[in-house]
Amino acid sequence: IQAKRASEAIELAQALLDAIHREAEKTRDRPLQGQVERFSASVFEVMQTVEEAPRDLPAARRYLGLYLKGARDATRSYAELTRNRSDDAARAQYLSLMSDLEAQFRAKRETLLEDNRSALDIEIDVLRHRLAQDGVTPDKEDPLNA
C-alpha cells in the first residue's frame, strides 16, 4: 500500500513539474528556465528518495503536493504577468522563491536520508539486543563484524 501511494504521489509530482516547465518555457527567459531546472533536480532527488523508501512519503507529502502546486501556480502567474511586458521586480521575486524552494527540497531530502539512517541504526540495535538476549554473540573472526 505504501509503495502504491508513493508511486501515485510521485506521478502527481512529475505532472506538477511538467506544468512548471511548460509555464517557464513561455517566459523565453533562459536563466529563469535554468533556475527551474535546478529546482526540478532537487524535487527529483526527493521523489527518488521516496521511491526507494516509500515509508518516507508522509514526511515528504507536503513537499511533493502542496509546495509543488504552489510553485506551479507561481510560475503560471509569473508567465502570465510577463507575457506582454517585463517586470524586473517580479522576476527577482520569482527567482528568489524558486531558489528558496530548491534549498528547502534539498534540505528535506537530507532529512529523509538522516531519518532512514536513524531507522537503520535502531533496527541494528534492536536486533543486536535480541541476539544478546538469546545468548548469541558475534563471531570475532567473521569479516562482516569488522
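Cut-off values and rules
Residues numbered from 1 in each chain as written. Predicted model: local features only at pLDDT ≥ 70, side-chain atom pairs only at ≥ 80, totals over all residues. Heavy atoms only, no water. Patch = residues over 30% accessible without salt bridge, like charges linked within 9 Å, V, L, I, M, F, W, Y side chains within 5 Å. Areas by Shrake-Rupley, 256 points an atom, 1.4 Å probe, with all protein chains shown as cover. Salt bridge = Lys/Arg side-chain N within 4 Å of Asp/Glu carboxyl O. Helix = DSSP H or I, 4+ residues; strand = E, 2+ residues; numbered from the N terminus. Expected span 1.5 Å × (residues − 1). Buried < 20%, exposed > 50% of the residue type's maximum accessible area, 1.4 Å probe, protein only. Polar contact = N/O pair within 3.5 Å; in protein donor to acceptor, adjacent residues only side chain to side chain. Contact = heavy atoms within 4.5 Å.

*Asks:* Account for a nonpolar patch on the surface, naming residues and giving values.
*Replies:* Taken together, the side chains of Leu-127, Leu-131 and Val-136 define a hydrophobic patch exposed on the protein surface, amounting to about 240 Å² of accessible area. If you trace the backbone, Val-136 turns up in the segment after helix 4 (88-133).

*Asks:* I'd love a proper account of helix 2 (residues 30-52), names of residues and values included.
*Replies:* With 23 residues, helix 2 ought to run about 33 Å at 1.5 Å a step, and its terminal C-alpha atoms sit 32 Å apart, in line with that. Among the residues making up helix 2, those that are buried are Leu-32, Gln-33, Gln-35, Val-36, Phe-39, Ser-40, Ser-42, Val-43, Val-46, Met-47, Thr-49 and Val-50. The N-terminus of helix 2 is capped by Asp-29, whose side-chain oxygen sits 3.1 Å from the backbone nitrogen of Leu-32.

*Asks:* Residue-level account of unusual backbone geometry, with values.
*Replies:* Here Arg-28, not a glycine, exhibits a phi torsion of approximately 55°, which is positive. Topologically, Arg-28 is positioned in the loop between helix 1 (2-26) and helix 2.

*Asks:* Requested: an account of the side chain of Gln-33, with residues and values cited.
*Replies:* Checked against the element boundaries, Gln-33 lands in helix 2. Within the local environment of Gln-33, its side chain forms a polar contact with the side chain of Arg-30, the two groups lying 3.0 Å apart. Leaving out residues up to four positions away in the same chain, Gln-33 has contacts with Ala-24, Glu-25, Thr-27 and Arg-28.

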